[in-house]
Amino acid sequence: MTELTAIDILINPDEAALARARALNARMLRSVPDGFALDTMHAPHITTLQRFVRTADLDGVYDAVEKTIAETDVSALQLRAIAIRHADWGVPGQGLAVLQIQPNAAVLDYQARLLAAVSPYVESGGTAAAFVIDADDPDISQTTIDWVEGFVPAQIGAAYVPHITVGFATLADLKGIEAAAFDAFDVHPASVAVYHLGNNGTARRLLKAWPLGT
């Protein structure tokens, strides 16, 4: 069987956006103390594309991403955080909270070209073995596997819902958090990176990065 790697091709936000995400993460940890902190093991980011790719072809993936970036006017990529929302990630009584990001048409075009560029290296049928497996979190959830497998077409084009994950909170706390007024803000891309995914869709291990001059 072909060895596969679960990857996340993502945008790293600017420092101002990271500060907002970390403040929200601290709030989520007050709600669920055994959740996760945003750190080098759980890097805050905006996913553009997740795929299972052939491990032997990772260099080809990197070349495809680099070429796509070179052909992109990165100054045209506009992202704006507009709300706090949550998703059901299979944890009873809790939700995975995110900063919902509104992309412009240039971001959707970039995603489409990125998908076309890496598609020759993609293969379906990824399992838990395609992810980073930690000793303290050895069981990759089926939700995580299914999310990567179904990212295309579920999160492509008009269906794409970019976000910055900020942590787990109880559903009761999230009801109040999401109902409160939200101060929207722009998110500026600082770099593009390819990460090896961990459980719950975390950007677990940096594989390659490209700084952006915006």
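Located above this text is the structure these notes cover.
Residues numbered from 1 in each chain as written. Predicted model: local features only at pLDDT ≥ 70, side-chain atom pairs only at ≥ 80, totals over all residues. Heavy atoms only, no water.

### Quick notes on the overall build of the protein
What counts, and what does not: In this text, helices come from DSSP runs of H or I with a minimum length of four residues, and strands from runs of E with a minimum of two, each type numbered from the N-terminal end. The atom set for the radius of gyration is the C-alpha atoms, and the globule formula is 2.2 Å times the number of residues raised to the power 0.38. Buried means the residue's accessible area, taken with a 1.4 Å probe over protein chains only, is under 20% of the maximum for its type, while exposed means over 50%, and partly exposed covers the values in between. Two residues form a contact once any of their heavy atoms are found within 4.5 Å. Note on areas: these come from Shrake-Rupley sampling with a 1.4 Å probe, and a residue is covered only by the protein chains present in the view. Under the counting rule used here, the positive set is Lys and Arg, the negative set is Asp and Glu, and His together with the chain ends is not counted. Where a charge lies is defined by one atom per residue type, namely NZ (Lys), CZ (Arg), CG (Asp) and CD (Glu).
Looking only at helices and strands, the protein has 6 helices and 8 strands in total. N-terminal to C-terminal, the α/β element order of the protein is β-α-β-α-β-β-α-α-α-β-α-β-β-β. For the protein, whose C-alpha radius of gyration is 17 Å, the value lies close to the compact-globule estimate of 17 Å for 214 residues. Taken along its principal axes, the extent of the C-alpha atoms in the protein is 45 × 40 × 30 Å. Within the span of the protein, comprising 214 residues, buried residues form 45% of the whole. By sequence separation, contacts in the protein at least 24 residues apart represent 80% of the contacts at least 6 residues apart. For the protein, the accessible area works out to roughly 9,900 Å², and carbon and sulfur atoms hold 54% of it. A gap of 6 Å separates the mean positions of the 14 positive and 25 negative side-chain charges of the protein.

### Some details on the pairing of strand β1 (residues 4–13)
As a reminder of what qualifies: Any two strands with at least two DSSP-identified bridges between them are counted as paired.
Taking burial as the measure, the 10 residues of β1 include 10 buried ones, the bulk of the element. Here β1 shows two buried faces, one formed by L4, A6, D8, L10 and N12 and the other by T5, I7, I9, I11 and P13. Note: β1 against strand β7 (residues 189–197), 7 bridges, orientation antiparallel. Each residue of the ladder has a partner; that of L10, found in β7, is A193.

### Concerning the pairing of strand β4 (residues 94–103)
On a regular strand, one side chain projects to one face of the sheet and the next to the other, so that they alternate. Judged from the 8 bridges that link them, strand β3 (residues 79–87) and β4 form a sheet pairing that is antiparallel. Looking across to β4, one finds that H86 is bridged to A97. Between β3 and the antiparallel strand that follows it, β4, lie 6 residues; G90 among them carries a positive phi value of about 80°.

### Some remarks on the pattern of salt bridges
Applied cut-off: We count a salt bridge whenever a side-chain nitrogen from Lys or Arg sits within 4 Å of a carboxyl oxygen from Asp or Glu.
Under the defined criterion, the tally for this structure stands at 7 salt bridges. A salt bridge links R80 to D186, with the shortest nitrogen-to-oxygen separation between them at 2.8 Å. With R80 in strand β3 and D186 in strand β6 (residues 185–187), the pair connects residues that are 106 residues apart, well separated along the chain. The exposure class of R80 is partly exposed, given its relative accessible area of 32%. By relative accessible area, D186 is classed as partly exposed at 42%.

### Some remarks on the packing of helix α2 (residues 58–70) against helix α3 (residues 105–118)
So the rule is basically this: Inter-axis angles, ranging from 0 to 180 degrees, are taken between N-to-C directions of lines fitted to C-alpha atoms, where helices are fitted over the stretch in contact. Angle categories: roughly parallel below 35 degrees, roughly antiparallel above 145, roughly perpendicular from 65 to 115, and oblique for all the rest. Handedness of each helix crossing follows the sense of rotation of the near helix against the far helix: counterclockwise by less than a right angle gives left-handed, clockwise gives right-handed. Gly falls in the polar group here, along with every residue not listed as nonpolar (Ala, Val, Leu, Ile, Met, Phe, Trp, Tyr, Cys, Pro) or charged (Asp, Glu, Lys, Arg).
Where α2 meets α3, the closest approach of the two axes is 9 Å, and the angle between their N-to-C directions is 150°. As judged from the angle between their axes, α2 and α3 are roughly antiparallel. Between α2 and α3 lies a crossing of right-handed hand. Only Y110, R113, L114, A117 and V118 of α3 make contact with α2, whose side of the interface consists of V61, A64, V65, T68 and I69. Of the residues in the contact of α2 with α3, the class split is 8 nonpolar, 1 polar and 1 charged.

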